[in-house]
2 protein chains.
Amino acid sequence: MTKKRNTIQKALVYEAVNRLKSHPTAEEVYRYVVKDHPNVSKATVYRNLRQLAESVEISELQLPGGAERFDHITEPHYHVRCCKCGRFADVDMKYLPGLPEHITDSNGFAITGHDIVFRGTCPECSGGQTE
Amino acid sequence: MTKKRNTIQKALVYEAVNRLKSHPTAEEVYRYVVKDHPNVSKATVYRNLRQLAESVEISELQLPGGAERFDHITEPHYHVRCCKCGRFADVDMKYLPGLPEHITDSNGFAITGHDIVFRGTCPECSGGQTE
DNA sequence: ATATTAATGAAAACATTTATCAATAAGGCG
DNA sequence: CGCCTTATTGATAAATGTTTTCATTAATAT
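Residues numbered from 1 in each chain as written. Chains lettered and ligands numbered in written order. Predicted model: local features only at pLDDT ≥ 70, side-chain atom pairs only at ≥ 80, totals over all residues. Heavy atoms only, no water.

J.: I'm lost on the protein's contact with DNA strand D in this one. Help?
T.: Residues in close proximity to DNA strand D total 23 residues, the closest being T7, Q9, T44 and R47 of chain A together with E68 of chain B. R5 of chain B is positioned with one of its side-chain polar atoms (N or O) 3.3 Å from a base nitrogen of DNA strand D. One of the side-chain nitrogen or oxygen atoms of R47 of chain B is found 3.3 Å away from a base oxygen of DNA strand D. Contributing elements (two or more residues each) for the surface near DNA strand D: α1 (8-20) and α3 (42-54) of chain A together with α3 (42-54) of chain B. Per-element accounting of the surface near DNA strand D gives the leading share, 5 residues, to α3 of chain A. Taken together, the residues of the surface near DNA strand D sort by class into 5 nonpolar, 9 polar and 9 charged. (Near = heavy atom within 4 Å. Polar contact = N/O pair within 3.5 Å; in protein donor to acceptor, adjacent residues only side chain to side chain. Helix = DSSP H or I, 4+ residues; strand = E, 2+ residues; numbered from the N terminus. Nonpolar A, V, L, I, M, F, W, Y, C, P; charged D, E, K, R; others polar.)

As structure tokens, this is what we get:
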């Protein structure tokens, strides 16, 4: 049994995710942390993000489109992604815990959860309509 | 306006996706193609996958967990992903075109579609239960 | 056949994440 | 408090997945 240690780096990463709020990528968390603590390594940020996600202090959003993202909200909720710029946002929609019941055949998978990602165009990108 | 050309490489990539069926990654498509055509470049595979996806001859699945995947089925449908081994499968569940109507606030995004990815454990991985 | 230029192949560049490994420091214990 | 143990760190390299670059090739129109 491996006992975890509380390091300032871990606290910094945790605080960054909570301050940044909007689904930051590991890179964004790193940039936030190094601002005040220039000697923190990027590997440490990745390690702590993973560790915090495992202990459910933050949640890990393996969402489509490039980098993995992290969230200070640990309750399940759904997302939208802009097809043009890749930006993410939360969607205000009731979580559907009963959704897996609609599956007729899941190939023998034991379902434990689900994500919904809507596709769309964000206000910024739909402004200039042509292209 | 750029006119597209029909090349044997594009045909090979298209055929590979159709033969491989099960959500191949670009890498898997590449390996399938080079078997018989060793001089085909990996960049060409990527380029043609993207181009075929744009012209909706195949579909592009930006699903969580590593590499992007491609599918010979162009109708929308949902997926499961094994948390342990990362394997993908189709899920037999009616597509829900009306799902976006449940969104109360989409941050001004114009919704054009959605994906659902169920999380679970595949038969193989749930065999040995204790981790 | 010839000209135009989209598409190719090879390699380098790029982006994201993980592994390596010696050095550091957190927490337990006397 | 100071000493051990070893989890964690920082720096860098490596692995992975994808895109770019650019000179060359070859698809289509004429």
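Moving on, there is more to tell.
J.: I would appreciate a short explanation of the protein's contact with DNA strand C in the present structure.
T.: Within the structure, DNA strand C sits among 22 residues, and Y46 and E68 of chain A together with T7, T44 and R47 of chain B are positioned closest to it. One nitrogen or oxygen atom from the side chain of R47 of chain B is found 2.8 Å from a base nitrogen belonging to DNA strand C. Secondary-structure elements contributing two or more residues to the surface near DNA strand C are α3 of chain A together with α1 (8-20) and α3 of chain B. Its residues assigned to classes, the surface near DNA strand C comprises 6 nonpolar, 7 polar and 9 charged.

J.: For this particular structure, what's the right way to read the state of the cysteines?
T.: As used in these notes, a disulfide is a covalent bond between sulfur atoms, one from each of two cysteines. For the structure on display, the rule yields 0 disulfides over all chains. Distance from the sulfur of C85 of chain A, which forms no disulfide, to the nearest cysteine sulfur (C82 of chain A) is 3.6 Å. (Disulfide = S-S within 2.5 Å.)

J.: What is the right way to look at the interface of chain B and chain A in this model?
T.: How big an interface is tends to be expressed through the accessible area that disappears when the partners come together. Each partner contributes residues to the interface: chain B has 39 residues there, and chain A has 39 residues. Between chain B and chain A lies a buried interface of about 3100 Å² when both sides are counted; carbon and sulfur atoms form 59% of it. Counting across the interface, chain B meets chain A through 2 salt bridges. Across the salt bridge formed by D115 of chain A and R119 of chain B, the nearest N and O atoms sit 3.3 Å from each other. In this structure, the connection of chain B to chain A is made through 18 residue pairs in polar contact (both at pLDDT 80 or more). Going through the elements one at a time, β3 (79-82), β4 (88-90) and β5 (110-121) of chain B are the ones with two or more residues in the side of chain B that touches chain A. The leading source of residues in the side of chain B that touches chain A is β5 of chain B, at 12 residues. (Contact = heavy atoms within 4.5 Å. Buried area = accessible area lost by both parts, 1.4 Å probe. Salt bridge = Lys/Arg side-chain N within 4 Å of Asp/Glu carboxyl O.)

J.: Help me understand α3 of chain A in this model?
T.: The α-helix winds at 3.6 residues per turn, so residues separated by three or four positions along the chain end up facing the same way. All names here are of chain A. The end-to-end C-alpha distance of α3 is 19 Å, a good match for the 18 Å that 13 residues give at a rise of 1.5 Å each. Two to three positions downstream of the cap, the backbone nitrogen of A43 sits 3.2 Å from a side-chain oxygen, assigning the N-cap of α3 to S41. Two residues or fewer past α3, V56 is found with a positive phi of approximately 55°. (Expected span 1.5 Å × (residues − 1).)

J.: What am I meant to see in the nonpolar core here?
T.: A general tendency of soluble globular proteins is for nonpolar side chains to be buried together. With 26 residues, the main nonpolar core has M93, I116 and F118 of chain A together with M93, I116 and F118 of chain B as its most contacted residues. Of all elements in the fold, only β3 (79-82) and β5 (110-121) of chain A together with β3 and β5 of chain B reach the threshold of two or more residues within this core. Excluding residues that lie within four positions of it along the chain, I116 of chain B makes contacts with L99, H114, D115 and I116 of chain A together with Y78, H79, M93 and L99 of chain B. (Core = buried A, V, L, I, M, F, W, Y, C linked by side-chain atoms within 4.5 Å. Buried < 20%, exposed > 50% of the residue type's maximum accessible area, 1.4 Å probe, protein only.)

J.: Before we go on, may I ask you to explain the relation of the copies chain B and chain A in this structure?
T.: Two copies of a chain can be linked by a rotation about an axis combined with a shift along that same axis. Superposing chain B onto chain A requires a rotation of 179° together with a translation of 0.0 Å along the rotation axis, leaving an RMSD of 0.2 Å. Such a combination of rotation and displacement between the chain copies is what one expects of a two-fold axis. For chain B, the residue whose C-alpha comes nearest the rotation axis is I116 of chain B, separated from it by 2.3 Å. When the interface residues of chain B are mapped onto chain A, 100% of them again lie at the interface, so the same face is used by both copies. (Least-squares fit on C-alpha atoms with pLDDT ≥ 70 in both.)

J.: Just to check I follow, could you spell out the pairing of β5 of chain B for this structure?
T.: The two faces of a sheet get side chains in turn, since along a regular strand they alternate between them. One ladder, built from 11 bridges, connects β5 of chain A with β5 of chain B; its direction is antiparallel. Bridging across to β5 of chain B, G120 of chain A finds its partner in I111 of chain B. Across 4 bridges, the pairing between β3 of chain B and β5 of chain B is parallel. By the bridge assignment, R81 of chain B is partnered in β5 of chain B with R119 of chain B. (Pairing = 2+ DSSP bridges.)

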